[in-house]
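Structural description and commentary
Spelled out from the first residue to the last, the chains are:
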Amino acid sequence: QVQVAESGGGLVQPGGSLRLSCEASGITFSLAAMAWYRQAPGKERELVARIYSSGTTEYGTSVEGRFTISRDNAKRTVILQMDSLKPEDTAVYYCKLNSIVQSVTVWGQGAQVTVSS
């Protein structure tokens, strides 16, 4: 079975940093596109960042310049480095794996990120 496991959520002060990790299993990771989404209470889920198998990245407007997505195919892991965090970044962050070739889309259970003083 295809699975993803998230880690790294927590509480951080405004201006601080956090690093989220998502490890995948049960799939050829190098062929998959990986993404991070987030959802705050009462709001729609939104794209935070995406990285394709080629290494090309995309970012949501609200996090551009502050967050960085990367992948390590050997470790089957995608990373979201979050810097200059703002209270508005508070949300549950979800890891998503998508592979068209292998016809699979899998979501993680989510990691809570709280930015507060």
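Residues numbered from 1 in each chain as written. Predicted model: local features only at pLDDT ≥ 70, side-chain atom pairs only at ≥ 80, totals over all residues. Heavy atoms only, no water.

This part takes up the overall build of the protein. Along the backbone of the protein there are 0 helices and 11 strands. Taken from the N to the C terminus, the helices and strands of the protein come in the order β-β-β-β-β-β-β-β-β-β-β. For the protein, the C-alpha radius of gyration of 14 Å lies close to 13 Å, the compact-globule estimate for 117 residues. When its C-alpha atoms are laid out on the principal axes, the protein stretches across 45 × 25 × 25 Å. The buried share of the protein, reckoned over its 117 residues, is 43%. Taking contacts inside the protein between residues at least 6 apart in sequence as the whole, the part at least 24 apart equals 54%. Of the accessible surface of the protein, which amounts to about 6200 Å², a share of 46% is contributed by carbon and sulfur atoms. In the protein, 11 side chains carry a positive charge and 10 a negative one; their mean positions are 3 Å apart. (Helix = DSSP H or I, 4+ residues; strand = E, 2+ residues; numbered from the N terminus. Rg over C-alpha atoms; globule rule 2.2 N^0.38 Å. Buried < 20%, exposed > 50% of the residue type's maximum accessible area, 1.4 Å probe, protein only. Contact = heavy atoms within 4.5 Å. Areas by Shrake-Rupley, 256 points an atom, 1.4 Å probe, with all protein chains shown as cover. Lys, Arg positive; Asp, Glu negative; His and termini not counted. Charge placed at Lys NZ, Arg CZ, Asp CG, Glu CD.)

A separate point is the packing of aromatic side chains. Applying the stated criterion across every chain yields a total of 1 aromatic pair. Summarising the aromatic geometry, the rings of Y37 and W107 are spaced 5.1 Å apart at their centres and angled 55° between planes, so their arrangement reads as tilted. Note that Y37 is positioned in strand β4 (residues 33-39) and W107 in strand β10 (residues 104-107), a separation of 70 residues in sequence. Residue classification places Y37 among the buried residues on the basis of a relative accessible area of 12%. (Phe/Tyr/Trp six-rings, centres within 6.5 Å; stacked < 30°, edge-to-face > 60°.)

The next thing to look at is the environment of S25. With respect to the helices, strands and loops of the structure, S25 is situated in strand β3 (residues 18-25). Sequence-wise, S25 and S70 are 45 residues apart; in three dimensions their C-alpha atoms are separated by 17 Å. Residue contacts for S25: discarding those within four places in its chain leaves Q1, V2, Q3 and R76.

The next point concerns the pattern of salt bridges. One pass over the full model with this rule turns up 5 salt bridges. As a salt-bridge pair, D89 and R66 come within 2.7 Å of each other at their nearest N and O atoms. Here R66 lies in the loop between β6 (57-59) and β7 (67-72) and D89 lies in the loop between β8 (77-82) and β9 (91-99), a separation of 23 residues in the sequence. Since its relative accessible area comes to 1%, D89 is described here as buried. Judged by its relative accessible area of 11%, R66 falls in the buried class. (Salt bridge = Lys/Arg side-chain N within 4 Å of Asp/Glu carboxyl O.)

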